Amino acid sequence: MEVYRKQGGYAAVEKALKTMTPDEVLEEVKKSGLRGRGGAGFPTGLKWSFLAKPEGVPRYLVCNADESEPGTFKDRDLMVRNPHSLIEGMIVSSFALGANTSYIYVRGELFYVIRILEKAISEAREKGFLGKNILGSGYDLELYVQPGGGAYICGEETALIESLEGKRGNPRIKPPFPAVSGVWGCPTVVNNVETIAATSWIVQHGGDEYAKIGIGRSTGTKLISACGNINKPGIYEIELGLPVEEFIYSDEYCGGIAGGKRLKAVVAGGSSVPVLPANLILKTMAGESRLMSYESLAEGGFVSGTMLGSGGFIVMDEDACIVRNTWNFTRFYHHESCGQCSPCREGTGWMEKVLHRIEYGHGKMSDIDLLVDVAAKIEGNTICPLGDAAAWPVGSAIRHFRDEFEWHVREPRLSQERNYGLAGYADPLPVQAAEA
Amino acid sequence: MDIDTREIRFSAERLAEVYEIIGRYPEGRQKSALLPVLHIAQAEFDNWLSPEVMDYVADLLGIQPIEVYEVASFYTMFNLKPVGKYVLEVCRTGPCCLVGAEKLQSHLETKLGIKPGETTPDGMFTLKTVECLAACGFGPVMQVGATYYERLTPEKADELLEQFRKENKRATYC
Ligand SMILES: Cc1cc2nc3c(=O)[nH]c(=O)nc-3n(C[C@H](O)[C@H](O)[C@H](O)COP(=O)(O)O)c2cc1C
Ligand code: SF4
Ligand code: FES
């Protein structure tokens with residue numbers, strides 16, 4: 001706390017509560033161009049402006065610290081290293097929204113992070129930044145930390161709200177949107193940890209200053225959690241617009257591919273976004289250098305592009321098996337499907353089985369198109385975006401790496417041996433000659 | 001250890017904690033305390049939730065037992081069967097597999113002679129595979145109680161097992 005105060009921490013709270021109105025804070029956030037860091041990249045100021053404000057009904061701000069998207073591990077780091085930056089952001093954001101009680105929903109596995117947050121909250125309370133009549137401004141705020149129970153789906157905002165209410169994490173049908181009917185039927189905003197932490201900087205330095213950082217409509221900085229086959233896995237704060245090539249190969253960031261191997265593929269924004277082969281992640285179809293920004297990564301749509309997503313940057317080297325990784329991700333989505341909609345519940349299970357069959361040497365050529373077909377039938381036909389998130393990795397893997405799927409079908413024994421040697425897992429099924 | 005012979009009741013301190021948690025929500029919304037209270041209950045009663053423990057929690061919160069069962073069975077962190085003193089939760093998701101999680105898992109299976117979901121006969125270890133723990137850059141990762149063990153090798157895992165055997169103390173989340 002002392003360190004954070006010395007570095008100017010909580011100055012944003014003083015500034016907002018003493019010299020600004022809630023609408024002025026909202027205005028600065030709008031001007032900053034800040035976009036949600038949880039995955040969808042929706043403009044934060046706009047989202048806040050949708051919040052319904054009926055007379056006499058409480059409003060809530062809930063921070064989404066569920067962080068469960070495979071490849072994403074940035075919020076944990078932010079909360080451990082700098083819990084006060086999140087708390088300060090919660091105070092100014094709650095003030096802007098007119099919320100007097102706010103919650104930080106943290107995935108339950110991270111109990112040690114919950115303890116860190118709770119300690120920081122009590123420090124902030126001791127200094128008078130939380131509680132009744134904060135800094136004599138007449139504004140009251142209570143802030144609580146809520147643990148989850150281990151369920152990826154609770155990162156989806158309506159499932160998170162259900163979970164906060166003490167229920168199973170079943171996403172709600174929208175509309176109504178949380179901005180109108182969220183926690184206990186009251187207007188609610190759900191924002192990611194990184195989004196909320198950014199708001200205190202914006203209040204302190206102004207939205208215009210924030211908008212100067214970054215590129216185009218991708219303003220500001222972004223935490224990227226880089227993992228997989230790279231020399232320096234970790235969390236990097238980058239200015240949006242950094243070339244992907246520099247991010248992967250520069251010593252300042254990932255430090256290149258581990259063991260001097262070649263880059264094969266990247267999943268740039270958490271497991272849900274389309275996988276891209278090396279040539280397409282480094283350069284767009286038009287031959288321009290690909291940048292770390294919402295727009296540049298999406299260039300080419302799903303034919304040749306992907307998404308910035310949550311900033312979970314997964315790098316695969318030449319030895320990684322695309323089929324195995326796709327099967328693994330599909331097993332994840334099947335495991336995490338809440339089961340409410342049949343295309344998601346059944347489709348993910350079906351894809352998992354077919355991918356397992358191909359990976360373990362029992363695949364048929366027709367299975368590949370079957371997968372494309374099942375993925376297409378899930379996409380867009382479900383209550384929440386988990387269905388899409390499960391379909392995209394499969395569709396993109398086949399789009400860009402069909403050869404590798406075909407090779408698994410044609411050469412079951414070879415592909416088995418190769419993967420056994422590299423990953424070290426045992427083969428649970430005897431290899432049979434593949435059917436044509 | 002034997003849950004049936006012990007009266008299912010929180011200590012005065014734990015009860016105070018439970019009431020503090022209930023106070024975090026508006027009047028009549030005490031059901032919101034369910035997840036945090038189930039975590040406490042699991043930690044208090046041998047790291048699993050027996051039907052009796054769940055009934056007790058339902059009673060405390062003034063909700064129906066079924067409301068507790070359906071929640072406890074939805075979330076992966078709640079154990080609905082007795083578990084070993086140390087639940088070894090190994091991440092099995094893609095990014096960890098790129099850096100050797102599968103080797104770690106099969107090493108533990110061989111070493112302990114059990115498959116995921118099983119407990120060693122001495123009641124010491126339960127092996128459990130879990131999905132991404134949000135530590136993907138530091139894989140392979142294993143969570144035991146509240147602690148994350150990162151960048152694990154089979155050798156380091158062996159040392160940990162030895163350490164746990166010596167400590168011989170139940171590891172819980174909270
Ligand atoms: C299946 C699924 C999982 C999600 N998981 C997370 C998560 O772990 N953390 C997060 O911040 N957002 C997650 N989201 C996005 C949230 O629904 C929501 O868009 C986000 O919290 C909004 O915050 P933002 O506008 O600050 O990004 C997930 C969405 C879906 C569909
Ligand atoms: S898409 Fe899947 S996770 Fe989402 S509501 Fe439907 S079944 Fe549940
Ligand atoms: S994949 Fe293992 S922690 Fe994320």
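Rules behind the numbers
- Residues numbered from 1 in each chain as written.
- Chains lettered and ligands numbered in written order.
- Predicted model: local features only at pLDDT ≥ 70, side-chain atom pairs only at ≥ 80, totals over all residues.
- Heavy atoms only, no water.
- Near = heavy atom within 4 Å.
- Polar contact = N/O pair within 3.5 Å; in protein donor to acceptor, adjacent residues only side chain to side chain.
- Areas by Shrake-Rupley, 256 points an atom, 1.4 Å probe, with all protein chains shown as cover.
- 1 Å grid on protein atoms, 1.4 Å probe; cavity = no way out; pocket = protein on both sides within 12 Å on 5 of 7 lines; lining within 4 Å.
- Sits in = over half its atoms within 2 Å of the grid points.
- Nonpolar A, V, L, I, M, F, W, Y, C, P; charged D, E, K, R; others polar.
- Phe/Tyr/Trp six-rings, centres within 6.5 Å; stacked < 30°, edge-to-face > 60°.
- Buried < 20%, exposed > 50% of the residue type's maximum accessible area, 1.4 Å probe, protein only.
- Domains from an automatic or database assignment.
- Pairing = 2+ DSSP bridges.
- Helix = DSSP H or I, 4+ residues; strand = E, 2+ residues; numbered from the N terminus.
- Axes fitted to C-alpha atoms, helices over the stretch in contact; angles between N-to-C directions.
- Contact = heavy atoms within 4.5 Å.
- Buried area = accessible area lost by both parts, 1.4 Å probe.
- Salt bridge = Lys/Arg side-chain N within 4 Å of Asp/Glu carboxyl O.
- pLDDT = per-residue confidence, 0-100.

Chemist: Got a minute to help me understand the site of ligand 1 in this structure?
Modeler: Residues and elements named next belong to chain A. In the region of ligand 1, 17 residues are neighbours, and G38, N64, N191, N192 and T195 sit closest. Between K47 and ligand 1, the recorded distance is 3.4 Å, taken from a side-chain N or O atom to an oxygen atom. Residue S68 places a main-chain N or O atom 3.4 Å away from an oxygen atom belonging to ligand 1. Computed on the free molecule, ligand 1 has an accessible area of 610 Å², of which 89% lies beneath the protein chains in the complex. One can see that ligand 1 is located within the largest pocket. Among the residues making up the shell around ligand 1, the classes are represented as three nonpolar, eight polar and six charged.

Chemist: Even after reading the chapter, I still don't get the packing of aromatic side chains, so can you show me in this structure?
Modeler: Aromatic rings in a pair are described by how distant their centres are and how their planes are angled relative to each other. What the rule picks out here adds up to 29 aromatic pairs over all chains. Between the aromatic rings of Y4 of chain A and Y10 of chain A, the centroid separation amounts to 5.5 Å while the plane-to-plane angle is 85°, which identifies the pairing as edge-to-face. Each member of the pair, Y4 of chain A as well as Y10 of chain A, is classed as buried. Plain terms: the ring middles of F10 of chain B and Y56 of chain B are 5.3 Å apart, the flat faces sit at 75° to each other, and that makes the pair edge-to-face.

Chemist: I would appreciate a short explanation of the domain arrangement of chain B in the present structure.
Modeler: As a measure of interface size, the accessible area lost when the parts come together is often cited. On domain assignment, one finds that chain B holds domain 1 (12-74) and domain 2 (86-167). Taking the mean C-alpha position of each, domain 1 of chain B and domain 2 of chain B sit 29 Å from one another.

Chemist: Whenever I open this one, the sheet that holds strand β4 (residues 147-149) of chain B confuses me. Can you help?
Modeler: Hydrogen bonding along the main chain pairs the strands of a sheet, whether they run parallel or antiparallel. Residue and element names in this part refer to chain B. Spatial ordering of the open sheet is given by β2-β1-β3-β4, a layout of four strands whose pairing is mixed. Looking at the sheet topology across the chains shown, the edges are occupied by β2 (125-130) and β4. Between one strand and the next, the sheet's axes are offset by a mean angle of 25°, whatever the strand orientation. As paired strands, strand β1 (residues 86-91) and strand β3 (residues 142-144) are joined by two bridges and run antiparallel to one another. Looking across to β3, one finds that V90 is bridged to M142. Sitting on the sheet, helix α7 (residues 154-167) is in contact with β1, β2, β3 and β4, with an inclination near 160° to β1.

Chemist: Explanation requested: the site of ligand 2 in the structure shown.
Modeler: Residues in close proximity to ligand 2 total 13 residues, the closest being C338, Q340, C341, C344 and C384 of chain A. Classifying every residue of the shell around ligand 2 gives eight nonpolar, five polar and no charged.

Chemist: Can you walk me through the domain arrangement of chain A in this structure?
Modeler: Residue and element names in this part refer to chain A. Partitioning chain A into structural domains gives domain 1 (2-212), domain 2 (217-318) and domain 3 (322-417). A C-alpha centroid distance of 23 Å is found between domain 2 and domain 3. Buried surface at the junction of domain 2 and domain 3, summed over both partners, amounts to about 1200 Å²; 68% is from carbon and sulfur atoms. When the buried area of domain 2 at its contact with domain 3 is split by residue, S271, S272 and F302 rank highest and sum to 38% of it.

Chemist: For this particular structure, what's the right way to read the interface of chain B and chain A?
Modeler: Contacts between chain B and chain A engage 44 residues on the former and 62 residues on the latter. Considering only the surface of chain B that becomes buried against chain A, R24, F74 and L98 of chain B emerge as the three largest contributors, covering 16% of it. Taken together, the connections running from chain B to chain A amount to two salt bridges. The shortest N-O distance in the salt bridge between R324 of chain A and E102 of chain B comes to 2.5 Å. Seen at the junction of chain B and chain A, the total is 23 residue pairs in polar contact (both at pLDDT 80 or more). At the level of secondary structure, the elements contributing two or more residues to the side of chain B that touches chain A comprise α2 (34-44), α4 (65-72), α5 (94-98) and α6 (101-112) of chain B.

Chemist: Before we go on, may I ask you to explain the confidence of the model for chain A in this structure?
Modeler: A low pLDDT means the predicted coordinates there should not be read in detail. This prediction gives chain A a mean pLDDT of 94; 96% of its residues lie at or above 70. Note that residues 426-436 of chain A has pLDDT below 50 and, in this model, 21 contacts with residues that lie over four places away or in other chains.

Chemist: Help me understand the pairing of strand β13 (residues 312-317) of chain A in this model?
Modeler: On a regular strand, each side chain points to the face opposite its neighbour's, so the side chains alternate between the two faces of the sheet. Residues and elements named next belong to chain A. Counting buried residues along β13, six of its six residues qualify, which places the element largely inside the surrounding structure. Alternating positions in β13 separate into two faces, G312, I314 and M316 on one and F313, V315 and D317 on the other, with burial throughout. Both strand β7 (residues 221-228) and β13 contribute to a ladder of four bridges, which runs parallel. For C227, the partnering residue across the bridge sits in β13 and is I314. In this sheet, β13 lies alongside strand β10 (residues 263-267) in antiparallel orientation, the contact comprising four bridges.

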